[in-house]
Amino acid sequence: MLDYPSAAVRAPLSAYEAERATLVEKAEPAPLVELAGIRKSYGSVEAVHPLDLTIRKGEFVAILGPSGCGKTTLLRMIGGFAQPSAGTIRIGGLDVTALPPERRPTNLVFQGYGLFPHMTVAQNIGYGLAIRKTPRAEKQRRVEEAMALVRLEGFGDRPIAKLSGGQAQRVALARALVMRPDVLLLDEPLGALDLKLRRAMQEELRRIHRETGGTFVFVTHDQAEAMDLATRICVMARGRVVQDGDPETIYSSPATMFVSTFIGEANLFAGQRCGGVVTLGAGPTIPDPGEDGPVVCVVRPERLWIDAGVEALSECAFRLAGVLESAVFLGPFVNYTVRLDGGESVTVSSREIGLRTRLNAGDRVAVGWSISDHRVLPHEAP
Amino acid sequence: MKAVLRRGLLLAPSTAIFLGVFLVPAGFFLVVSFWRVRAYRLRPDATFNNYSAVLTEYWQPLAFTLGIALVIAVVTTALAYAYAYFCRFRAGRFGMAFVFIAVITLFGGYLTKIYMWKTILGSSGILNSALAALGLTDQPVTLFLFNPLAVVITLVHYTLPLAILPAYGALRGVRDVDLEAARDIGAGPWRAFYDIVLPQTRLGLLSAFSLTFLFAAGDYVTPTLVGGPHTSMIGLFIQSQFGHRVNAPMGAAMSFTMVAGCLVTIALFALILRRMTRAVP
Ligand SMILES: Nc1ncnc2c1ncn2[C@@H]1O[C@H](COP(=O)(O)OP(=O)(O)O)[C@@H](O)[C@H]1O
Ligand SMILES: [Mg+2]
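Everything in this summary refers to the structure shown in the same document. The structure displayed is predicted, hence computed values, not measured ones.

Scoring rules and cut-offs
- Residues numbered from 1 in each chain as written.
- Chains lettered and ligands numbered in written order.
- Predicted model: local features only at pLDDT ≥ 70, side-chain atom pairs only at ≥ 80, totals over all residues.
- Heavy atoms only, no water.
- Helix = DSSP H or I, 4+ residues; strand = E, 2+ residues; numbered from the N terminus.
- Pairing = 2+ DSSP bridges.
- Axes fitted to C-alpha atoms, helices over the stretch in contact; angles between N-to-C directions.
- 1 Å grid on protein atoms, 1.4 Å probe; cavity = no way out; pocket = protein on both sides within 12 Å on 5 of 7 lines; lining within 4 Å.
- Points joined across faces, edges and corners; volume = space filled by probe spheres on them.
- Nonpolar A, V, L, I, M, F, W, Y, C, P; charged D, E, K, R; others polar.
- Near = heavy atom within 4 Å.
- Polar contact = N/O pair within 3.5 Å; in protein donor to acceptor, adjacent residues only side chain to side chain.
- Areas by Shrake-Rupley, 256 points an atom, 1.4 Å probe, with all protein chains shown as cover.

1. Let's talk about unusual backbone geometry
Residues other than glycine predominantly adopt negative phi, and peptide bonds predominantly adopt the trans conformation.
Okay, step 1: Even without a glycine there, the phi angle at A:Arg238 is positive, about 50°.
Okay, step 2: You can see A:Arg238 is positioned in the loop between strand S9 (232–237) and strand S10 (240–245).
Okay, step 3: Notably, B:Ala39 is not glycine yet its phi reads approximately 55°, a positive angle.
Okay, step 4: Assignment of secondary structure puts B:Ala39 in the loop between strand S1 (36–38) and strand S2 (41–43).

Below, the structure written as structure tokens:
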């Protein structure tokens, strides 16, 4: 497999120094990419507001956000294709802000791949090595390794026009990986593939990340894909990073109302906070310190309980009554849609299959949740 | 079967025009080029005399024509490619507008452009007036007009839009993302141009060159009007053979020798272009 040397050329270390270095690296690997005060505007459009971001060696970072939120712009600034309006970019401790793409230790897998139509697969993959004047034999070996890594053995002589979408994606990946970049950047890498291929490529990307031990940063608008692949997710909205953390934290403790709805399903109960007590429109009051003003109470569907009446949910701290609109059997769980008496609609995911035989559409039901299962967040205008 | 029939029907009109207006007359004159003229009448024959006469008596205008057409075509192709490159990669959303501006000058017509250059370069022309007004000359400079350079300038100017179109068409086919990908894996801007843009636009270059070369080689109006006595292009001789010298076989032989010369030149250009724009590093 590809050996993946670190970019920094190190002087030989004494045994003690070497051991200490690995200890230090294990405890807190040095930041590989450091964005400081990075900003980008196109005329009056503020594509990326000033932001700081640090990426460590070996991370698999997803930049996740809806279309037009500035993800691609951010990635292109790291790769050298967009000049930041302000701020600095350091990679491996070196300021690369002013460097053109060809002189940065990054490689980008473009959304449209950008495979050279007048070259074969092997020529595409070997082009970067040819520019570096890599000796012929080594070039050939590395091209073959890269093709093996993306499972394209034997495709070397294929013209680009004769590739399927998934194969083209792999060639683009191999062409970037063969350069052994310090950071591999991927712009919507699976966006153009159909669902089945996307699943397969996700698996491949995870394997390649593991085998190369590289640092990957990818852009996506698909929250499931980000959750699936990344060890860390930066959620972006309107040119800002609104939350940055591991997938579990982002799912269980969304920082904003936007994050709670963008990642995973969420039931939102509108309410008002006054003097440290939140009063939901639907009824219950929740003690929750914070700034006075409109808030939402976020409860994940799988955290909600449902039963025939309010009395049946005695363990729940908060209970609301309504009418069951539908129950959809989805295999491992059942999704109930309930219209609350206040008019709001909520979704409950339950693994208790037995419930469904008791509850019928049109029945009066109650939903409820325990005290630790909600999150109160400031209300945001959509 | 039906599809074949339909395709045949669709092609029929253009094929008929091509056959009737081009291939049949050309074939006829190819045959005539081996005939003779006796007492102002065509006599069927199978002689190579016309061709040997062309190569011994007319090799100078032949070579001069190929040479000047080559200069015109190379200059025009280079300028057109640069202009088209600007329109494609530097002019942003105004690219199409710039191409349109260039092409629209074709509507000005051929003779208009020739007379325009006559007005600019002539002894009482704009260039001389300007030089006199600046006090740089006291006599009109007659060097500008009636020489091969005037022909080159005029024909480059006229054929430029014809060359810009295929060049722009080819450059439009080069995707931005390909160039960015090349830069990303280590190519500098020049290298990316040489390895990615040039090989993908070779056909456009060849079309631009061929169009301008053939146009320049076949032209005889421009040399008549701005070329002067030393610009003896083969078109003038062919015209006079068919005209007042009433020697169609000789004219036909000149024409076909010229056609052969043009084909060889274009083939050579294509070969050199291929060599110079290696598709693969
Ligand atoms: N080259 C550009 N010129 C002008 N505006 C741009 C350019 N690139 C991006 N933008 C704008 O910047 C914003 C962010 O775009 P982008 O980074 O492509 O978003 P995303 O990748 O998240 O969909 C959008 O409003 C887009 O219109
Ligand atoms: Mg994008």
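So much for the structure itself; the text now carries on.
2. Looking at the sheet that holds strand S16 (residues 318–329) of chain A
Residue and element names in this part refer to chain A.
Okay, step 1: Spatially, five strands are ordered S15-S19-S16-S17-S18 in an open sheet, and the strand pairing comes out antiparallel. At either margin of the open sheet sits one strand with a lone partner, and together these are strand S15 (305–307) and strand S18 (345–350). For this sheet the average axis-to-axis angle between neighbouring strands, irrespective of direction, equals 40°.
Okay, step 2: The pairing of S16 with strand S17 (residues 334–340) spans seven bridges and is antiparallel. Across the sheet, the residue bridging to Val328 is Asn335, located in S17.

3. Thoughts on empty space enclosed by the protein
Rolled over the atoms, a probe sized like a water molecule indicates the empty space that remains.
Okay, step 1: Counted under the stated rule, the structure contains one cavity of 30 Å³ or more.
Okay, step 2: What the largest cavity holds in volume is close to 50 Å³.
Okay, step 3: Every residue lining the largest cavity is listed: A:Leu108, A:Val109, A:Tyr113, A:Ala172, A:Arg175, A:Ala176, B:Ala181, B:Asp184 and B:Ile185.
Okay, step 4: Mapped onto the lining of the largest cavity, the elements with two or more residues apiece are strand S6 (106–109) and helix H5 (165–177) of chain A together with helix H8 (176–184) of chain B.
Okay, step 5: Taken together, the residues that form the lining of the largest cavity break down as seven nonpolar, no polar and two charged.

4. Considering the site of ligand 1
All names here are of chain A.
Okay, step 1: For ligand 1, the full set of nearby residues is Tyr42, Val45, Ala47, Pro66, Ser67, Gly68, Cys69, Gly70, Lys71, Thr72 and Thr73.
Okay, step 2: For ligand 1, an oxygen atom lies 2.5 Å from a polar atom in the side chain of Thr73.
Okay, step 3: Bound to the protein, ligand 1 loses 57% of the 550 Å² it would expose on its own.
Okay, step 4: At the level of secondary structure, the elements contributing two or more residues to the shell around ligand 1 comprise strand S2 (45–56) and helix H2 (71–79).

Nothing here speaks to function; it is all geometry.
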